[in-house]
Amino acid sequence: MSSGAVVVDDGLDALEPSLESILSQRSLRWIFVGGKGGVGKTTTSCSLAIQLAKVRTSVLLISTDPAHNLSDAFNQKFGKEARLVDGFTNLSAMEIDPNGSMQELMAGAGEGGMEGLGGMGGMMQDLAFSIPGVDEAMSFAEVLKQVKSLSYETIIFDTAPTGHTLRFLQFPTVLEKALAKISQLSTQFGPMLNSIMGARGGMPGGGLDEMLQKMESLRETIAEVNTQFKDAELTTFVCVCIPEFLSLYETERMIQELANYEIDTHCIVVNQLLYPKAGSDCEQCNARRKMQKKYLEQIEELYDEFNVVKMPLLVEEVRGKEKLEKHVSILRPSPRFLTC
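Just so it is clear, the structure is predicted and the values come from calculations on it, not from any experiment.

Quick notes on the rules
- Residues numbered from 1 in each chain as written.
- Predicted model: local features only at pLDDT ≥ 70, side-chain atom pairs only at ≥ 80, totals over all residues.
- Heavy atoms only, no water.
- Disulfide = S-S within 2.5 Å.
- Buried < 20%, exposed > 50% of the residue type's maximum accessible area, 1.4 Å probe, protein only.
- UniProt positions renumbered as here; feature names shortened; annotations may be inferred.
- Helix = DSSP H or I, 4+ residues; strand = E, 2+ residues; numbered from the N terminus.
- Contact = heavy atoms within 4.5 Å.
- Polar contact = N/O pair within 3.5 Å; in protein donor to acceptor, adjacent residues only side chain to side chain.
- Pairing = 2+ DSSP bridges.
- Right-handed = clockwise from strand over helix to strand, strands pointing away.

### Here's the deal with the state of the cysteines
Now for step 1: Overall, the coordinates contain 1 disulfide when judged by the stated rule.
Now for step 2: Linked covalently through their sulfurs, cysteine 282 and cysteine 285 form a disulfide whose S-S length is 2.4 Å. Disulfide cysteine 282-cysteine 285: the torsion about the S-S bond is 65°, which places it as right-handed. Summarising the burial analysis for this pair, cysteine 282 and cysteine 285 share the class buried.
Now for step 3: No disulfide involves cysteine 267; its sulfur sits 8.5 Å from the nearest other cysteine sulfur, which is in cysteine 239.
Now for step 4: Residue cysteine 267 is classed as buried on the basis of its relative accessible area of 1%.

Right, here's the structure in full:
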């Protein structure tokens, strides 16, 4: 393998499809980017965000992956508040922590938090935490509420690996269950709890009622957004993979689940494609290209109605604005590539 830059060869098949269809669909508000870990989701997300920033008034890129690679990709620190990306006036980014949101909500219910509700608060907290995925659901609901108020034209989600992403797409159902359990408990024990707390001088800061109001507000937000997620004019999911068996398997699993959630997906980015020169004597390169070609043919056969975007194996890490811009130029014009 050479250590030089990617080379163009007119003798190779053109990598024709690009993400142009997403850029030209002005109605899109929510774009998810997901796939198996290590396939290049973050690089694809960042490149897509940069492209969209050129044709949209305001773009927000959100990482919901606990690994949080946005900061590394842009060489800039991001946190749970939206922050402008250096060198851009209309592209912002944020990284959210999918853990602990329910705990924060419980703790923030009134000045005394759930502790102010005594044993009843602990029981309600245990009930809430017993629902699988409730932390992620609450975290995402909080973000959606914030994002809605900020009114970005387009929001891109750099999601966690497949399993986490599929759980994360269940958040409306999860949060509904959490709210139903807590509301049920409140109905059953509320009068007694209020009586006890009244005898102690009242419930600090609204306590239970305040927490229930906050959860109801979040529920209304996610119900509205969930309707938008099922609208192909407003939402799409970009699947990212590499031409290997496990990645192809996870991509198929994801596409089937997305269909169950009624979320549009019509674009697949295949990364790390190797293009040896004609007549190359690199045995390893040729063998790997042969393997990749087999899986690439399977992808094109399985998803013949999809926009399959082919990306070459790059010879250097894509980090920083300058290299991301170069990656964008590869992703859009679709030239023909060599890597050795």
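Additional details are given in the paragraphs that follow.
### Considerations on the UniProt feature "binding site: ATP" (unreviewed entry) in the protein
Now for step 1: Following the UniProt record, one finds the feature "binding site: ATP" (unreviewed entry) at Lys36, Gly37, Gly38, Val39, Gly40, Lys41, Thr42, Thr43, Glu244 and Asn271.
Now for step 2: With respect to the helices and strands, glycine 40 occurs in the loop between strand S1 (30–34) and helix H2 (41–53).
Now for step 3: You can call glycine 40 partly exposed: its relative accessible area is 22%.
Now for step 4: Contacts of asparagine 271, omitting those with residues within four sequence positions, involve Val39, Gly40, Thr44, Val240, Cys241, Ile242, Pro243 and Met311.
Now for step 5: Here the side chain of asparagine 271 touches valine 39 through a polar contact of 2.8 Å, landing on its backbone oxygen.

### As for the pairing of strand S2 (residues 59–63)
Now for step 1: In terms of burial, S2 is a largely internal element, 5 of the 5 residues being buried.
Now for step 2: Here S2 shows a buried face lined by Val59, Leu61 and Ser63 and a second buried face lined by Leu60 and Ile62.
Now for step 3: Note: S2 against strand S4 (residues 91–95), 5 bridges, orientation parallel. Counterpart to valine 59 in the pairing with S4 is leucine 91.
Now for step 4: Sheet topology places S2 next to strand S5 (residues 154–158); 5 bridges connect them, and they run parallel. Note on S5: the bridge partner recorded for valine 59 is threonine 154.

### Quick notes on the pairing of strand S6 (residues 235–241)
Now for step 1: Burial runs high along S6: 7 of the 7 residues are buried.
Now for step 2: The two faces of S6 match: Thr235, Phe237, Cys239 and Cys241 on one face and Thr236, Val238 and Val240 on the other face are all buried.
Now for step 3: The pairing of S1 with S6 spans 5 bridges and is classified as parallel. Counterpart to isoleucine 31 in the pairing with S6 is threonine 236.
Now for step 4: As judged from the 4 bridges shared by S6 and strand S7 (residues 267–273), these two strands associate in the parallel manner. Across the sheet, the residue bridging to cysteine 241 is valine 270, located in S7.
Now for step 5: For the handedness criterion, the β-α-β arrangement of S6, helix H10 (residues 245–260) and S7 is classed as right-handed.

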